[in-house]
Amino acid sequence: MAEKTTTAYAPAAVESKWQRRWEQRGTNLFTDQALRDPRDPFYNLMMYPYPSAEGLHVGNIYAFTGADVHGRYWRLRGKTVFEPIGFDAFGIHSENYALKLGVHPLDLIPRNIANFTRQLRRIGGMFDWNHTVDTTDPLYYKWTQWIFVQLYKGGLAERKKAPVNWCPSCKTVLANEQVIAGRCERCETVVELRYIEQWFFKITQYAQQLLDNLQHIDWSESTKRLQENWIGRSEGADLVFPLADPGARAAAGSGVRFNADREALRVFTTRPDTIFGATYMVLAPEHPLVDRVTSPEHRSEVEAYRLQAQQTDLVTRRKAEKQKTGVFTGGHCINPATGRAIPIWIADYVLMEYGTGAIMAVPGHDERDFEFAAEFGLPIVRVVAGPGDTAESPFAAAYVGDGALVHSGRFDGMAVEPAKRAIVDWLAEQELAEHRVHYRLNDWCISRQRYWGPPIPVIYCDACGALPVPENQLPVELPYVDDFRPHESGVSPLARVEGWYRTTCPECGGEARRETDVSDTVLDSSWYFLRYPSAAKNDVPFDADLTRTWLPVDSYIGGNEHAVLHLLYARFITMALHDMGHLDFAEPFTKFRAHGLIIREGAKMSKSRGNVIIPDEIIERYGADTFRLYLMFLGPFEQGGDYRDEGIQGPHGFLHRLWDTVMPVDQLEEGEPEPEIERKLHTTIRQVTEQVADLQYNTAIAALMEYLNLVRAGGRRARRSEVESLVLLIAPFAPHLAEELWERLGHEGGLFEHASWPAFDPDKARHDTVEIAVQVNGKLRSVVSLPAGSSQDEVVRVARADDRIRRYLDEGSVRRIVFVPDRLLNVVVSERG
RNA sequence: GCGAAAGUGGCGGAAUGGCAGACGCGCGAGACUUAGGAUCUCGUGGCUCCGGCCGUGGGGGUUCGAGUCCCCCCUUUCGCACCA
């Protein structure tokens, strides 16, 4: 009796065996030389995780598995796939957690990274552990600082005092993108407005390019839409409203005249066509000209309102969408279109951050202005007549639609769109207007008054001013500080470390101080993909040859929650480095796909709900292959899925059956596949090949299940030739199991190193007989079986012979026949009676 | 309010304008077993007078034929939100 070869499928044993073997063989590792000379390189990137103390969550694993399946697939199709992973370990989140635990982040983070590494290995990702990054490693953030210096030199970094979002709980500044509905995205504390000296990157200089390039990059539409909205381009005009001299009201209608100093209010509008209906002006309370326009008798009221606005936090101010408030300044300016003097108000519904911080109010055609005018009894003039309106039609609400201009002098009768241009052109002749584009995007504030980040590499000298740290002095190392707590005053923890911040000026050698703020974590991740191929090199941030070979990234997979932070800023940094000659491409990610979100039993997962999935437990019970396969089977990868605990049985049973089908290898039958099975095999190869390339994993897996069902139908025993390809097709999803079966089938040296993806043969997929649906008047009445390629006449003849069809044809005359070869016949007959 | 996506069995989800519900979960019946995830076979949208009829959020339309295309409406989710 031969040695027993049948053993039950034991995922844990199979998986640890292959993980060990991949490691020993360096299956997924690149040497520097191998990276320099790849055949058909494919850079398969996924968003690197933030190494929390809780370990990988199922969302991480979902994303990584989806990306890994893609990478393994392309590897089997012959590409050289570089699939790196790293750790985004700086930032407020880690720091807060360390504070909570009373552990120093320098102790905490390495522990978390070790745990993450263990978990990442366990799920069977094809990661190149020779090329990882850790953003907290001085060898990494040296180059983050280098990027700051490059942007500084390129004129893209500036220091300015600016209103910023201050989180009183995190005790730091937040980027606009980190403020959600007026609250801190991390701790949900109400954000305050503060005026602090900050470092900004001038991303607004790239607004148009960031927008334009969206046209040609292959990204998920949803992501592109988010970026488009965030950039927020508005086309309109800047209009000039000259300030009226005191007492100008008396001179109403006397034409446009500047005062002696030619003072004016500048407003941005997208509706210059409605300028004849501008009956008052509104300035943001913080507007610099408020003092200038306020008359003595209104001063106290104006001051009180400004103070109130200043003290109101952003949430209350922004959410006060019901009641409009504001006060009259006593000042007036001239509407350049009508020549009339109109009053100037201040109100907090006008924001200093957008446009010019001032508006012309057209209550007839703007909802907010209408509301305000109604509240304060200001005049409302109709200047656009919609369909069915006359010039004198009364308003129930602002009319914002299209129509013909009225009460607009020589522009009466013009439609809204042409009038926009005509009016701006007319005013431009008098230098009172210019066409203008505004963006909602603001410059990127990168300063953080915290400890756990790369120090911003700047030195302040009383004599020489602010200077970047010379590149040969990088990195500016983050010192080990026992007391790293943030402070309410906004003074950074590093400002308390005198021995660290005192330094000498690189210019004059005199006494100088270091910048004590650290940079935003998002800067770390704005270039990490450039670092991976060059991770082993310490003399440059990214090696020119390696970068040319591997970048831009071929495939990037990640979550849409990073659409406007990471993904937009990474594009900006890449463009900036490109323009400064450091890169020869301007877009970092040729293709980006956003994956969906995993929910559980129809509900969002959260710690507070107590319904999070613990990956380690699932993997221990079912194995990584089953977990991977189930996650990919849940639903369309780009839409996410609903994780139901019982559902894992399906993919688990499938892998067991696959094992049982192949496993007594010496009992597999030899010979060609049975014809029906071979046809199914080749249609399956075609479907899986197409769908895995397109991330349609759930249906690809369904096709594999269908095929195995057919192979095993009725307790049938498989032939070797029927299952070998199947093992390869499942390999991207269940790499360990596939390797094991492949080896047991007698192949040496490893599936991912030596095997290649099965080829689809259209001849073998072809069916001799086809089932043709037969309809009468569009309703299915029968199905007939005929040789493939049968003509319409033949099909009609067979159909007519069918009882179920004849019944319907007897009583009516055939009026028309629709024939779709090999698929369908529709006989249209006259309705009876 | 603006923008985007989506509404299909008990559930997750399939369907180049051409047989709606693939695949899986769950459930039902049976078989073989009975120590772990068992495995196998058959069935499983609703109604039915067993001829069929009705079914993809609702209402219209185009078409020989609509889950799919067009128009209107409803609901849900996700962004953005006094952005001038």
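Data block above holds the structure.
Residues take numbers from 1 onward in each chain, read along the sequence in its written order. As a convention, the first chain written is A and the first ligand written is 1, with the rest following in written order. Restriction of local features to residues with pLDDT of at least 70 applies here, the model being predicted, together with a cutoff of 80 or more for giving and counting side-chain atom pairs; totals for whole chains, interfaces and linings are based on all residues. By convention in this description, side-chain values take in all heavy atoms of the structure and omit both hydrogens and water.

1. Side note on the pattern of salt bridges
Salt bridges, as used here, are contacts in which a Lys or Arg side-chain nitrogen is within 4 Å of a carboxyl oxygen on Asp or Glu. Scanning the model with the defined rule gives 53 salt bridges in all. Its salt-bridge partner being E371, residue K324 comes within 3.5 Å of it at the nearest N-O pair. Placement of K324 in the loop between α11 (314-319) and β12 (327-334) and of E371 in helix α12 (residues 367-376) is noted, with a sequence separation of 47 residues between them. Overall, E371 belongs to the partly exposed group, its relative accessible area being 30%. Of the charged contacts in the structure, one is a salt bridge between R716 and E674, with a shortest N-O distance of 3.5 Å. Within this pair, whereas R716 is found in the loop between α23 (697-712) and α24 (720-730), its partner E674 is found in the loop between α21 (649-662) and α22 (675-693), the two being separated by 42 residues in sequence. Each residue gets one of three labels from its accessible area relative to the maximum for its type: buried under 20%, exposed over 50%, partly exposed in between, using a 1.4 Å probe on protein chains only. Since its relative accessible area comes to 21%, R716 is described here as partly exposed. The network of salt bridges with shared partners includes K17, R21, E740, E743 and R744. By definition, any uninterrupted DSSP run of H or I lasting at least four residues is a helix, any uninterrupted run of E lasting at least two residues is a strand, and each is numbered from the N terminus.

2. Observations regarding the protein's contact with RNA strand B
Throughout this document, a residue counts as near a molecule or strand when at least one of its heavy atoms sits within 4 Å of that molecule or strand. Looking at RNA strand B, there are 57 residues lining it, with T270, K324, R368, H656 and N826 nearest. N or O atoms within 3.5 Å of each other form a polar contact, as long as, within protein, one can give a hydrogen and the other can take it, and as long as residues adjacent in sequence are counted only when both atoms are side-chain atoms. Within the side chain of R816, a nitrogen or oxygen atom sits 2.8 Å from a phosphate oxygen of RNA strand B. Sort the elements by how many residues they give to the surface near RNA strand B and α23 lands first, with 7 residues.

3. Structural notes on the packing of aromatic side chains
What characterises a pair of aromatic rings is the spacing of the ring centres plus the angle enclosed by the ring planes. In this analysis, rings of Phe, Tyr and Trp, with Trp reduced to its six-membered ring, are considered paired at centre separations within 6.5 Å, and the interplanar angle assigns stacked below 30 degrees, edge-to-face beyond 60, and tilted for intermediate values. Counted according to the given criterion, the structure contains 46 aromatic pairs. Ring geometry for Y73 and W74: centres 5.1 Å apart, planes at 75°, overall edge-to-face. Assessed through its relative accessible area of 0%, Y73 is described here as buried. Looking at W74, the relative accessible area reads 18%, which means it is buried. In this structure an aromatic cluster arises from ring pairing among Y48, W219, Y528, F529, Y532, Y556, F589 and F592. Placement of a positive charge over a ring is assigned whenever Lys NZ or Arg CZ falls within 6 Å of the ring centre and within 35 degrees of the normal to the ring plane. Geometry around F752 places R72 over its ring, the cationic atom sitting 4.5 Å from the centre. The ring of W500 has R514 lying over it, and the distance from NZ or CZ to the ring centre is 5.8 Å.

4. Looking at the packing of α22 against α23
Note on geometry: axes are lines fitted to C-alpha atoms, helical ones only across the stretch in contact, with angles between N-to-C directions running from 0 to 180 degrees. Two elements in contact, α22 and α23, have axes separated by 9 Å at closest approach and are oriented at 170°. Here α22 is positioned roughly antiparallel relative to α23, judged by the angle of their axes. Here the hand of the crossing between α22 and α23 comes out left-handed. Here E676, I677, K680, L681, T684, Q687, V688, Q691 and V692 of α22 lie close against α23, whose contacting residues are Y697, T699, A700, A703, L704, E706, Y707, L710 and V711. Under this grouping Gly is polar, as are all residues other than the nonpolar Ala, Val, Leu, Ile, Met, Phe, Trp, Tyr, Cys and Pro and the charged Asp, Glu, Lys and Arg. Residues that form the contact of α22 with α23 fall into these classes: 11 nonpolar, 4 polar and 3 charged. Orientation labels follow simple angle bins: below 35 degrees gives roughly parallel, above 145 gives roughly antiparallel, 65 to 115 gives roughly perpendicular, and whatever is left gives oblique. Take the far helix as the reference: if the near one is turned anticlockwise from it by less than a right angle, the crossing is left-handed, and if turned clockwise, right-handed. Should any heavy atoms of two residues lie within 4.5 Å, those residues are considered in contact.

5. Notes on unusual backbone geometry
Here the residue pair L474 and P475 is connected by a cis peptide bond, since its omega of 0° sits within 30 degrees of zero. Within the fold, P475 resides in the loop between β21 (465-468) and α14 (498-501). With omega at -5°, the peptide bond leading from L551 into P552 counts as cis. On the secondary structure map, P552 appears in the loop between α17 (544-550) and β25 (555-559). We note that E601 has phi near 50°; this positive angle belongs to a residue other than glycine.

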